[in-house]
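Below, each chain spelled out in residue letters.
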Amino acid sequence: MANVKQLTIVLEMAQQKEQDALKVFSQAQQQLNQLKEQMESLAQYKQDYLAQMKPENIQQVSADKLIRLQGFLAQIDQSIFQQRDVIAKASLAVDARRETWAKAKQYADSIEFLIDKQHKEAQFKEDKQQQKMADEFAMMSHHRKQHR
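Residues numbered from 1 in each chain as written. Predicted model: local features only at pLDDT ≥ 70, side-chain atom pairs only at ≥ 80, totals over all residues. Heavy atoms only, no water.

This brings us to the overall build of the protein. Each helix and strand counted, the protein has 2 helices and 0 strands in total. Over its C-alpha atoms the protein spans a radius of gyration of 35 Å, topping by over 25% the 15 Å that the globule rule assigns to 148 residues. For the protein, the proportion of its 148 residues judged to be buried stands at 16%. Counted over contacts in the protein with a minimum sequence separation of 6, partners at least 24 positions apart contribute 91%. A total of about 12,000 Å² of accessible surface is found on the protein, and carbon and sulfur atoms cover 54% of it. When the 22 basic and 20 acidic side-chain charges of the protein are each reduced to a single mean position, those positions are 5 Å apart. (Helix = DSSP H or I, 4+ residues; strand = E, 2+ residues; numbered from the N terminus. Rg over C-alpha atoms; globule rule 2.2 N^0.38 Å. Buried < 20%, exposed > 50% of the residue type's maximum accessible area, 1.4 Å probe, protein only. Contact = heavy atoms within 4.5 Å. Areas by Shrake-Rupley, 256 points an atom, 1.4 Å probe, with all protein chains shown as cover. Lys, Arg positive; Asp, Glu negative; His and termini not counted. Charge placed at Lys NZ, Arg CZ, Asp CG, Glu CD.)

Tracing the sequence through the fold places Ala21 in helix 1 (residues 2–52). Residues Ala21 and Ile67 lie 46 residues apart in sequence; the distance between their C-alpha atoms is 50 Å. Filtering out sequence-adjacent residues up to four positions away, Ala21 remains in contact with Thr100, Trp101 and Ala104.

With that out of the way, let us pick up the environment of Gln118. For Gln118, the position within the fold is in helix 2 (residues 63–147). By relative accessible area, Gln118 is classed as partly exposed at 21%. Residues Gln118 and Leu50, spaced 68 residues apart in sequence, show a C-alpha to C-alpha distance of 68 Å. In contact with Gln118, not counting residues within four places along its chain, are Asn3, Val4 and Leu7.

Our next topic: the side chain of Lys46. Within the secondary structure, Lys46 sits in helix 1. Sequence-distant contacts of Lys46, that is, excluding residues within four places in its chain, are made with Leu73, Ile76, Asp77 and Ile80.

Further remarks concern the pattern of salt bridges. Tallying each qualifying case throughout the model produces 6 salt bridges. Across the pair Lys46 and Asp77 runs a salt bridge whose closest N-O atoms are separated by 2.4 Å. Here the residue Lys46 occupies a position in helix 1, and Asp77 occupies one in helix 2, the gap between them amounting to 31 residues. Salt-bridge contacts for Asp85 lead to Lys89; the nearest nitrogen and oxygen are separated by 3.5 Å. Of the two residues, Asp85 and Lys89 both sit in helix 2, 4 residues apart, roughly one turn of that helix. Residue class for Asp85 comes out partly exposed when judged on its relative accessible area of 40%. In this structure Lys89 comes out as exposed when scored by relative accessible area, which is 54%. (Salt bridge = Lys/Arg side-chain N within 4 Å of Asp/Glu carboxyl O.)

So, in structure tokens, the structure goes:
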């Protein structure tokens, strides 16, 4: 049973490591979701801005204002492009953290399985010993009855 006590300590450490990995994974997933929301906001902002610039919504636009508008839209497009790159990198980080968590969980589960297996083996040995003692007691009782 000393081995089980040692494994229990290892299991507690493995479970703590799993919880830590899950926390890091969850934080990375939340960050990825926020980045996606930011990109959606940028894209929506661009759509809203373009909708305001439809010919029926504006009277006359000077060439200078049109050039500034084009530059502004190019900046929005650049921001959207950069945000896609950030999202791709964050997505890779989420995948790596998910894998780290999965490995930590698998390790903790294997330690738990080992502990359960040792408990079952110990119970089997104890049951076998109990049966042996019961058999010996029955045999001794039978011999006593015959010798009386």
